[in-house]
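Structure at a glance
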Amino acid sequence: MENEEEKEETENVKLFSARWDYHFVFTTMVQFLNTFYAAPSQDIRRLQSLANSIIIFDEVQSVPLHCISLFNSAVNFLNKCLNCTIVLCTATQPVLDEVPKPVKLSHNSEMIINVKDAFDKLKRVEVVDKTIDGGYTYEQVIEFMQEIQNTYPSILLIVNTISAAENIFNLIKEMNFEGKLFYLSSNLCPCHRKKVIEDIKNALDNEESVICISTQVIECGVDISFSTVIRSLAGIDSIAQASGRCNRHGEREISKAFIIKLKENVENTKGLLSIHFG
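Residues numbered from 1 in each chain as written. Predicted model: local features only at pLDDT ≥ 70, side-chain atom pairs only at ≥ 80, totals over all residues. Heavy atoms only, no water.

What follows is about the side chain of glutamine 61. Turning to its location among the elements, glutamine 61 is positioned in the loop between strand S1 (54-58) and helix H4 (68-81). By relative accessible area, which is 12% here, glutamine 61 ends up buried. There is a polar contact of 2.9 Å between the side chain of glutamine 61 and the side chain of glutamate 59. (Helix = DSSP H or I, 4+ residues; strand = E, 2+ residues; numbered from the N terminus. Buried < 20%, exposed > 50% of the residue type's maximum accessible area, 1.4 Å probe, protein only. Polar contact = N/O pair within 3.5 Å; in protein donor to acceptor, adjacent residues only side chain to side chain.)

Next comes the structure, spelled out in structure tokens:
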């Protein structure tokens, strides 16, 4: 009997997953777009379940550039034809209405009144341009970290490539850094990354001296707060996300996020947005 019940439950889960025939559905952006654009007919069967629903997209800025028009067209159809309410959540709002297939935002689409006032009141980080002509070597990055360490006892360095993160981490490790030193990248399995993040949080809670060398894996969905962040030059959305990893809970009146640029021969940044701060 139990085997039959388990089998039936498994089949129900498969049906719910395939048809979205349930009150609450948690899914991925890939599966959402598959519902509209994938070839198998089974995907489009989910579409009828979305009618008259509330759909929340978290971290909507992460939609790849080549998919934005597809995403906008799907959202417009859901809103105008299937009577759906669409909520786009992000701390770095993309310009979805300034592409060839723009999203059709509702009148007074902002859910927060006086957005500028809210940003001013909640400002916790100042972004500082520390780029230099020619870019930093690994050694120069480490020297800069040493310069600011007395002011900022916990430092997060985010670079764009795994090789750059590994090389800087190994150089600091050879220096016998007295505090806690951590490394994060997608080379670590999810379970290992989770353990490293827990160890970092414990060290920060104990007010230990901490340096973490990471790629952008730490930028989204990680509730962690360093004294400061150093971010290798990237797109403005990545800089905004990185800045959110310091002074996250208002531990300081205002903290600083420093922007640097590594030499091209130590980190390939071709194709990344070039940014200059006044």
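Next comes the rest of the description.
Moving on, we come to the packing of helix H2 (residues 29-37) against H4. In contact at an axis separation of 10 Å, H2 and H4 are set at 70° when each is read in the N-to-C sense. On the basis of their axis angle, the class for H2 and H4 is roughly perpendicular. When H2 is examined against H4, the residues Met29, Phe32, Leu33, Phe36 and Tyr37 are found in contact with a partner set consisting of Leu70, Phe71, Ser73, Ala74, Phe77 and Leu78. Tallied by class, the residues present in the contact of H2 with H4 amount to 10 nonpolar, one polar and no charged. (Axes fitted to C-alpha atoms, helices over the stretch in contact; angles between N-to-C directions. Parallel < 35°, antiparallel > 145°, perpendicular 65-115°, else oblique. Contact = heavy atoms within 4.5 Å. Nonpolar A, V, L, I, M, F, W, Y, C, P; charged D, E, K, R; others polar.)

A separate point is the confidence of the model for the protein chain. When pLDDT is averaged along the protein chain, the result is 86; 90% of the residues meet or exceed 70. Within the model, the stretch residues 271-278 combines pLDDT values under 50 with 17 contacts to residues more than four positions away or in other chains. (pLDDT = per-residue confidence, 0-100.)

Before going further, it helps to spend a moment on the pairing of strand S6 (residues 210-214). For S6, the tally of buried residues reaches five of five residues, placing the bulk of the element in the interior. With burial as the criterion, each face of S6 is covered, one bearing Val210, Cys212 and Ser214 and the other bearing Ile211 and Ile213. Looking at chain direction, strand S4 (residues 154-158) and S6 are connected through five bridges and run parallel. Across the sheet, residue isoleucine 158 finds its bridge partner in S6, namely serine 214. In this sheet, S6 lies alongside strand S5 (residues 180-184) in parallel orientation, the contact comprising five bridges. (Pairing = 2+ DSSP bridges.)

Attention shifts here to the environment of valine 99. Among the secondary structure elements, valine 99 is positioned in the loop between strand S2 (85-89) and helix H5 (115-122). As for valine 99 and asparagine 72, which are separated by 27 residues in sequence, their C-alpha atoms are 9.2 Å apart. Discounting chain neighbours no more than four positions away, the residues touching valine 99 are Ile68, Ser69 and Asn72.

Attention now moves to H2. Taken together, the buried positions of H2 are occupied by Phe32, Leu33, Thr35 and Phe36. End-on view of H2: buried residues confined to an arc of 145°, all on one side of the axis. Considering only its buried residues, H2 is in contact with helix H3 (41-44), S1 and H4. (Arc of directions from axis to C-beta.)

Quick look at the pattern of salt bridges now. Any two side chains of opposite charge can pair, on the condition that their charged atoms come close. Taken as a whole and assessed by the stated rule, the structure comprises six salt bridges. Among the ionic pairs, lysine 180 bridges to glutamate 208, the shortest N-O distance being 3.3 Å. Taken together, the residues lysine 180 in strand S5 and glutamate 208 in the loop between helix H8 (190-205) and S6 connect sequence positions 28 residues apart. The exposure class assigned to glutamate 208 is partly exposed, which follows from its relative accessible area of 27%. A salt bridge links glutamate 264 to lysine 261, with the shortest nitrogen-to-oxygen separation between them at 2.9 Å. For lysine 261, a relative accessible area of 25% corresponds to the partly exposed category. (Salt bridge = Lys/Arg side-chain N within 4 Å of Asp/Glu carboxyl O.)

Our focus in this paragraph is helix H6 (residues 138-148). Within H6, burial applies to Tyr138, Val141, Ile142, Phe144, Met145 and Ile148. All buried residues of H6 lie within an arc of 160° about the axis, which places them on one face of the element. The secondary structure elements touched by the buried residues of H6 are S4, helix H7 (162-174), S6, strand S7 (228-232) and strand S8 (255-260).

Next up on the list: the packing of H6 against H7. The axes of two packed helices give the description: the angle between them and the distance between them. One way to put it is that H6 packs onto H7 with a least axis distance of 10 Å and a crossing angle of 60°. Taken together, the axes of H6 and H7 are oblique relative to one another. Between H6 and H7 lies a crossing of right-handed hand. Across from Tyr138, Glu139, Val141, Ile142 and Met145 in H6, the residues of H7 making contact are Ser163, Ala164, Asn167, Ile168, Leu171 and Ile172. (Left-handed = near helix turned anticlockwise from the far one by under 90°.)

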